[in-house]
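The residues making up each chain are set out below.
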Amino acid sequence: EPKPEPKPEPKPEPKPKPKPKPKPEPKPEPKPVAETSEPVELQSTTISIEATTAATNNYRDSLRSAIERQRRYPKRASRKKQQGTAIVGFRIFADGLISDITLLSSSGFKMLDKAAMETVAKVGRFDAFPPEINSNSLYLELPIQFKLR
């Protein structure tokens, strides 16, 4: 029997040519500033770094005290003699709203970790930033210690 002739391989389709990138439009030259013979007084607000740092430290210390007042030792953890320090991170906005509460470092016990996060959450909203803190928000990391006496 005669063998059928093999079909020729189809030729690959040509790849589409990449489209040329559009040339960037020339940016307009900045207009020259008209010179005046009268001096112009620039107004600026100067806040010393020491004042800002002191204000931030005072605010942080007050917030830390407010958080500590909310801390409650879980009764089951106390009965089980569980102790430890959890590190909680959170953001506080200029209006005092606390959000983005996360556990950064475990105390070693789930009950204490949960209690540490709840301690920060209970504050909910704190005082608004003083004017010296020129920021929309601060990110803080706070160790919360649970120690039996």
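Our structure's up above, just so we're on the same page.
Throughout what follows, the structure given in this document is the object of discussion. Note on numbering: residues in each chain are counted from 1, in written sequence order. At least 70 in pLDDT is required for a residue's local features to be given in this predicted model, at least 80 for side-chain atom pairs to be given and counted, and no such filter applies to totals for whole chains, interfaces and linings, which use all residues. Just so you know, side-chain values use all the structure's heavy atoms and leave hydrogens and water out.

Focus on the pattern of salt bridges
Here is step 1: Take a side-chain nitrogen of Lys or Arg and a carboxyl oxygen of Asp or Glu: if they are within 4 Å of each other, that pair is a salt bridge. For the structure shown, the criterion picks out four salt bridges.
Here is step 2: In this structure, D61 and R64 form a salt bridge, with 3.2 Å as the shortest nitrogen-oxygen distance. Here R64 and D61 lie together in helix α1 (residues 49–70), a separation of three residues that amounts to about one turn.
Here is step 3: A simple rule labels every residue: compare its accessible area, found with a 1.4 Å probe on the protein chains alone, to the largest value its type can have, and call it buried under 20%, exposed over 50%, or partly exposed in between. The exposure class assigned to D61 is partly exposed, which follows from its relative accessible area of 35%. Counting from the N terminus, the helices are the DSSP runs of H or I reaching at least four residues and the strands are the DSSP runs of E reaching at least two.

Here's the deal with a positive patch on the surface
Here is step 1: What makes a patch is a set of residues exposed beyond 30% relative accessible area and free of salt bridges, joined within 9 Å when like-charged and within 5 Å when nonpolar (Val, Leu, Ile, Met, Phe, Trp, Tyr). Computed with a 1.4 Å probe, the accessible areas rest on the Shrake-Rupley method; for each residue, only the protein chains presented here act as cover. Asp and Glu count as negative and Lys and Arg as positive, but His and the ends of the chain are not part of the count. In this description, the location of a charge corresponds to atom NZ of lysine, CZ of arginine, CG of aspartate or CD of glutamate. A contiguous patch of positive charge, built from K75, R76, R79 and K80, is present on the exposed surface.
Here is step 2: Along the chain, K80 turns up in the loop between α2 (75–79) and β1 (84–93).

Description of the packing of aromatic side chains
Here is step 1: Here a Phe, Tyr or Trp ring, Trp counted by its six-membered ring, pairs with any other such ring whose centre lies within 6.5 Å, and the pair is stacked when the planes are under 30 degrees apart, edge-to-face when over 60, and tilted otherwise. Counted according to the given criterion, the structure contains three aromatic pairs.
Here is step 2: Centroid distance Y59 to F129: 5.1 Å. Interplanar angle 80°. Geometry classified as edge-to-face. One end of the pair, Y59, is in helix α1; the other, F129, is in the loop between α3 (110–123) and β3 (137–146), with 70 residues separating them in the sequence. Taken individually, Y59 and F129 each receive the classification buried, so the pair is uniform in this respect.
Here is step 3: Aromatic pair Y73 and F146: ring centres 5.5 Å apart, planes at 85°, arrangement edge-to-face. Residue Y73 is located in the loop between α1 and α2, and its partner F146 is located in strand β3; the two are separated by 73 residues in the primary sequence.
Here is step 4: Look at Y73 and you get partly exposed, because its relative accessible area is 26%.
Here is step 5: An aromatic cluster is defined as three or more aromatic residues linked by ring pairs; in this entry it consists of Y59, F126 and F129.

The values reported here are purely geometric and, on their own, carry no functional implication.
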